[in-house]
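Chain and residue survey
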Amino acid sequence: MRERAHPGRIAAFPAQETSQEATQARGTSSATRPRGVARKSTTREPIIQEPEPLEPDATRRDAGVAESSRANRGWWDRNADEYQVEHGTFLGDDRFVWGPEGLDEVEAELLGAPEELKGKDVLEIGAGAAQCARWLAAQGARPVALDLSHRQLQHALRIGGSFPLVCADAGALPFADASFDLACSAYGALPFVADPRLVLREVRRVLRPGGRFVFSVTHPIRWAFPDEPGPEGLSVAASYFDRTPYVEQDEDGRAVYVEHHRTIGDRVRDIVASGFRLVDLVEPEWPAWNTSEWGGWSPLRGNLIPGTAIFVCERD
């Protein structure tokens, strides 16, 4: 169904048009709930800030696949504008940044050397405003930017680009088998789905033999620490082994944001069970040039404990 995605418009694949699995895993984008730096302005469509709803209650409770996907689609649609305002400058319009540390694909080459990307079909999952896809296109690749949030992809349209944008579920990718050479996800989908194997199996399905999937997530050790950038974020406050999801819910108990925890071992087992071979695990160190704070990420914490884990996987 890839022919339905065209540059200059968003091809939408609503949950009701896909299988039951499509309603169970939603791909979202980026690094964490938005707080932090300002954004340079761009044109085409103004950023409209909508009034904030009542502050939700934060709790730890079970949240299934369908509830998580429904909550996170709504959260990212409501908060896409604020996210782009606060983090757009750091991310840039056409950079490929793997996380708040600022590790750039230009130096990391986790997808391969830039000259090797030319002519490759690449799927970006949880693309947000498609900054990574835009960088890939500049290297001569043929990217497709996919995100759960329609509003995030409207920001991709605002910035511009000559590649397809697809609004769809990461757990039911609307592409034929073996459609892509590479896939990537910078803090997209995997932290927010209740069953990450749904996403991993779908990514493997759409990759060609020998294809590579690289994805970054919050480093699992951070689950044990408060999400604070200062000294209060340096003391263990919870069990690393507690997989109970973090849920924000409204006054009626409906989830409006859900984040799921997997240990390092869980991630490795998910990757292997989904038919991938793990070839590298990158834990970026905090660079001296980066003085920014991004939610719970900061120079103070970044110099002491890892904040991001990047998994490099290959489909045999």
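Preceding this section is the structure that the text describes.
Residues numbered from 1 in each chain as written. Predicted model: local features only at pLDDT ≥ 70, side-chain atom pairs only at ≥ 80, totals over all residues. Heavy atoms only, no water.

1. Considering the overall build of the protein
- Of regular secondary structure, the protein possesses 7 helices and 11 strands.
- In the protein, buried positions account for 55% of the 316 residues.
- Nonlocal contacts in the protein, meaning residues at least 24 apart in sequence, comprise 76% of its contacts between residues at least 6 apart.
- By element, 50% of the accessible surface of the protein is carried by carbon and sulfur atoms, the whole surface being about 13000 Å². (Helix = DSSP H or I, 4+ residues; strand = E, 2+ residues; numbered from the N terminus. Buried < 20%, exposed > 50% of the residue type's maximum accessible area, 1.4 Å probe, protein only. Contact = heavy atoms within 4.5 Å. Areas by Shrake-Rupley, 256 points an atom, 1.4 Å probe, with all protein chains shown as cover.)

2. Structural notes on the pairing of strand E3 (residues 121-125)
- Across the 5 residues of E3, 5 count as buried, placing the element largely inside the fold.
- Burial of the side chains of E3 extends over both faces: Asp121, Leu123 and Ile125 are buried on one face and Val122 and Glu124 on the other.
- Strand direction decides the pairing type here: E3 and strand E4 (residues 142-147), joined by 5 bridges, are parallel. If you follow isoleucine 125 over to E4, its bridge partner there is leucine 146. (Pairing = 2+ DSSP bridges.)

3. A short note on the side chain of glutamate 314
- Relative to the elements of secondary structure, glutamate 314 occurs in strand E11 (residues 308-315).
- Side-chain polar atoms of glutamate 314 contact the side chain of arginine 212, separated by 2.5 Å.
- Ignoring sequence-local partners within four residues, the contact set of glutamate 314 consists of Gly211, Arg212, Gly275, Phe276, Arg277 and Val279. (Polar contact = N/O pair within 3.5 Å; in protein donor to acceptor, adjacent residues only side chain to side chain.)

4. What about the pattern of salt bridges?
- Scanning all chains against the criterion turns up 18 salt bridges.
- Put simply, arginine 212 and glutamate 314 hold a salt bridge, and the shortest N to O gap is 2.5 Å. With arginine 212 in strand E7 (residues 207-218) and glutamate 314 in strand E11, this pair connects stretches of sequence that are 102 residues apart.
- By relative accessible area, glutamate 314 is classed as buried at 17%.
- Through salt bridges with shared partners, a single network forms among Asp121, Arg142, Asp181 and Arg208. (Salt bridge = Lys/Arg side-chain N within 4 Å of Asp/Glu carboxyl O.)

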